Structure formats: structure tokens, C-alpha cells
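Chains, contacts and geometry: an overview
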Amino acid sequence: MLTAKKVELATSDGPERLFSDADGLYLRVRQASKNWLFKYTLAGKPDKISLGTWPAVTLLTARQLASDARQLVAAGKDPKHVRIERQEQARRRDLSTFEIIGRAWHTHATGVENWCEAYSYKLLRMLEMHAFPRLGKLPIGLITLPQVLDTLMAVSLAGTRETAERLREIIKRVYAYAVTQGVLTPAENFMLRGVADLKLPRPQKRHRAALLDPKRIGQLILDMRAYDGHIITRTLMQLMPLVFQRPSQTRMMHWEQLDLDTSTWSCPPELMKQTSARKALGGGGVHVVPLPRQAVALLRELFLVTGPSGPVFKSLSRRYETTRYLSDMTVNAALRNLGYSTQEDITGHGFRAMARTLIRERLGFDADVIEAHLAHASKEELGAAYDRTTFLDQLRQMVNRPGFRGGWLV
């Protein structure tokens, strides 16, 4: 058998010379190099495989590599073929960037989980906004734990701690998907360990900011009318206090859902927020939203820009092909550009609280009518299965009732 000293002193007078160690392991010595060979016989056919060069591969390492190859031969596997497969797997892993795997997971999960369009879009935008810019171009197998931690902490420290926690859950699912696809091994999935245990600062629960002073609301309406940004953004922002539906529903409005001649928006159930009980019953029906005349006027103007079909509020960004609608951050960004704090003054979702409070307190409409317009389900667990009241006539009267400056705000 060879020793480390014999390997070091081994020379060759001719083109090459073989020095035997044991069980098929050889040191091949040439004038300019020394490398390790493992000879084996599989299915009656002799063959050999290189195990690397000396001194990068020591005698001890060569013996371990030969032992591994010997076990493969005993199992009826060709070490050469196994090496090629492993190299190909490593190549695929290097080509499988986090963004590629993330988008593949999102497509798969959307179909398997039967997500509604709004929820699917929300998760993808979270990846596009917070994960892909930092991690997207990196091979997922080469991303380190500190890089993921830095990404999450950057989101958390930006004041969106809840978003950081949601993003962590999404990244965990992306990594789990990479394992199922053979891109990562289970041992490489560090998202099951340290990152999952990291304690991110949790935000205190608070109600979304909403203006309740009629004078300040009037000024807000005037400011939104004077907004000098894109007409799509301005229209979306102006429409929200007129229809006071959830921002995700409004952003994903389609022209096919609108009948401007009858001042009606038929919002499909897949865009609606639904309780588990309602989902178990097959989901709710179409939510009919009567439009005040101011909303109809805004939409007729925007029709010339984004009509006649598809999304009403089309994305202004061409960065991602899958982005079809304005970002869920657009309205809040526009409000901040107008000088309003989305922490203290008003948010896109805050228009709902504003409407719910003032229509009840200042205009005196029945709470059930307002709740129907807000698409709030019955407080009874299965109430939605039996309570089919729409209050459509009362709602039309409500949204067109003179009151504050702006729509129902005029």
C-alpha cells in the first residue's frame, strides 16, 4: 500500500507509471502531474474513473473517494454516470435562481391551492417588491442564511414588520418547493431552522388611519382632484372614497364588470374577502356596487385611456410581465405625495372606515345598509347562506345622497 511519503517521492521515467494502493485505487504518475484512478468492473466490463490530482487530493481523501465509488459499483451503479448526474444537478441548481424558483412555486401553488386572483397577485407582488431585488438573480443553492436574514430585516426595519413575517413564510415555501423539485437537498433547506426561529419585531395592532373630520375630508378630495400624477393613479385614488370597497377589489376592477349606463359595478366573488364558512359553502355571489354619478364620470374619462376591456387600473410598470394592475402601494404613495401621513391621516383602506363612520353618524343611514355596501358578511357564522338582502335601492340613494364634498361627499 502507498504512504504519503511514497506518493510524494513517486516519479516516472516514461510517459506514465501506475502505483497500486489497494482495492482498485492507483496513483498515476506522469512527468508533469500525479492523479488518482479507481479501476472497477461493472457487468463484466472493466473501466476506470479519475478521482482528482495530487496534492489537491491527498492519499486519505483518495481512499475515501475510492470507497464511495466501490459502494456504487456494489449497488450496480456506474460511478461515472453518478458523477455526471451530480454535475448536472449542480448545473441546474446554479441556473435555478431564486426568482425562477419563486415564480415556479407561485404558479404551482396558485393552481394547487386554487387561490383567487387577488390573493395570488398579492403574494407575487410581495416577492417582486421585497425578495427578488435582493435575492432574485442569485442561484438558490448559493444563497446564504445571512443574506435571507438581511432581506427580512431590511423589510422589518422599513416599518413593515408584518410584511417581513409574511415574506418569511413565502420564502419558506419557495425553499420547500425547491427541495421537492430536486434543486436543493433537504439538508440545504436552512429555512426550516434559524430563519424560522428569528424573532422579528411585531407591530402593535392598530386601526388603519382614516380622516373623520368633514372639513379635512373636503380638503383631501380637493387635493386628490389636483394630483398631478398619472390619470390612472389619480382616478383610482379619487374613486376609492366614492365606492369605499376594499383596495384590492378596486385595483382589480375590469371594464367587463362595469355597466356605466346603469351606474353599476358587478364585483365577482373571487375578488371578495370571504370567511372560511362562506368558502365552505362555495363562496358568495356577485357583489353589486351602485356607482355615484361622480364615479361614473371618472370612469368614463378613464375609459378613453385603458378601455374598452381588461383591467381598468392597468399597471404603469413594465418591470414584470405578470404585473397587470397598479401596485397595492400606489394609492398610499400618492397620498404621501400629497402630504398625508399613511400612519396618522389616511390610507387606501382607511376610506372604508371613513365612509362607515360618517355615513352612519352624519347621514343617518341604517348600519345594515352600510354593511351591505361594504360587503361585510353576517356576524352569524353561516348567516351568509341565508341572508341574501342587497338593499340595492337604498344603496343607490345612499351613494348619491348630497352630504360632504366629493361623491356621497358632495
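Fair warning: this is a prediction, and the values are worked out from it, not measured in the lab.

Rules used throughout
- Residues numbered from 1 in each chain as written.
- Predicted model: local features only at pLDDT ≥ 70, side-chain atom pairs only at ≥ 80, totals over all residues.
- Heavy atoms only, no water.
- Axes fitted to C-alpha atoms, helices over the stretch in contact; angles between N-to-C directions.
- Helix = DSSP H or I, 4+ residues; strand = E, 2+ residues; numbered from the N terminus.
- Parallel < 35°, antiparallel > 145°, perpendicular 65-115°, else oblique.
- Left-handed = near helix turned anticlockwise from the far one by under 90°.
- Contact = heavy atoms within 4.5 Å.
- Phe/Tyr/Trp six-rings, centres within 6.5 Å; stacked < 30°, edge-to-face > 60°.
- Buried < 20%, exposed > 50% of the residue type's maximum accessible area, 1.4 Å probe, protein only.
- Lys NZ or Arg CZ within 6 Å of the ring centre and 35° of its normal.
- Pairing = 2+ DSSP bridges.

**Observations concerning the packing of helix 6 (residues 145-157) against helix 7 (residues 161-180)**
If you want to describe how two helices pack, look at the angle between their axes and the distance between the axes. The geometry of helix 6 relative to helix 7 is characterised by a closest axis approach of 7 Å and an angle of 155° between their N-to-C directions. Considering their axes alone, helix 6 and helix 7 lie roughly antiparallel with respect to each other. Here helix 6 runs over helix 7; the crossing is right-handed. Side by side, helix 6 and helix 7 meet where Val148, Thr151, Leu152, Val155 and Ser156 of the first sit next to Arg161, Thr163, Ala164, Leu167, Arg168, Ile171 and Tyr175 of the second.

**Notes on the packing of aromatic side chains**
If you walk through the whole model with that rule in mind, you get eight aromatic pairs. Between Phe98 and Tyr175, the aromatic rings sit 6.4 Å apart at their centres with planes inclined by 45°, giving tilted as the arrangement. Taken as a pair, Phe98 in helix 4 (residues 98-113) and Tyr175 in helix 7 lie far apart in primary sequence, 77 residues in all. When its relative accessible area of 0% is taken as the criterion, Tyr175 is described as buried. Aromatic pair Trp105 and Trp115: ring centres 5.9 Å apart, planes at 65°, arrangement edge-to-face. Taken together, the residues Trp105 in helix 4 and Trp115 in the loop between helix 4 and helix 5 (117-135) connect sequence positions 10 residues apart. You'll find Trp105 and Trp115 in the same group, each marked buried. Connected via pairs of aromatic rings, a cluster forms that spans Phe98, Phe132, Tyr175 and Phe190. Between Lys34 and the ring centre of Trp54, over which it is positioned, the NZ or CZ distance is 4.7 Å. The lysine or arginine in question, Lys39, covers the ring of Tyr26, its NZ or CZ lying 4.9 Å from the ring centre.

**Points about the pairing of strand 6 (residues 264-267)**
Of the pairings in the sheet, the one linking strand 5 (residues 258-259) to strand 6 comprises two bridges and is antiparallel in character. Bridge pairing in strand 6 places Leu258 opposite Trp265. Linking two consecutive strands that pair antiparallel, namely strand 5 and strand 6, is a turn of four residues; a positive phi of about 55° is found at Ser263 within it. Two strands pair when backbone bridges link them, and strand 6 and strand 7 (residues 287-290) are joined in this way by four bridges, in the antiparallel orientation. Across the sheet, Ser266 pairs through a bridge with Val288, a residue of strand 7.

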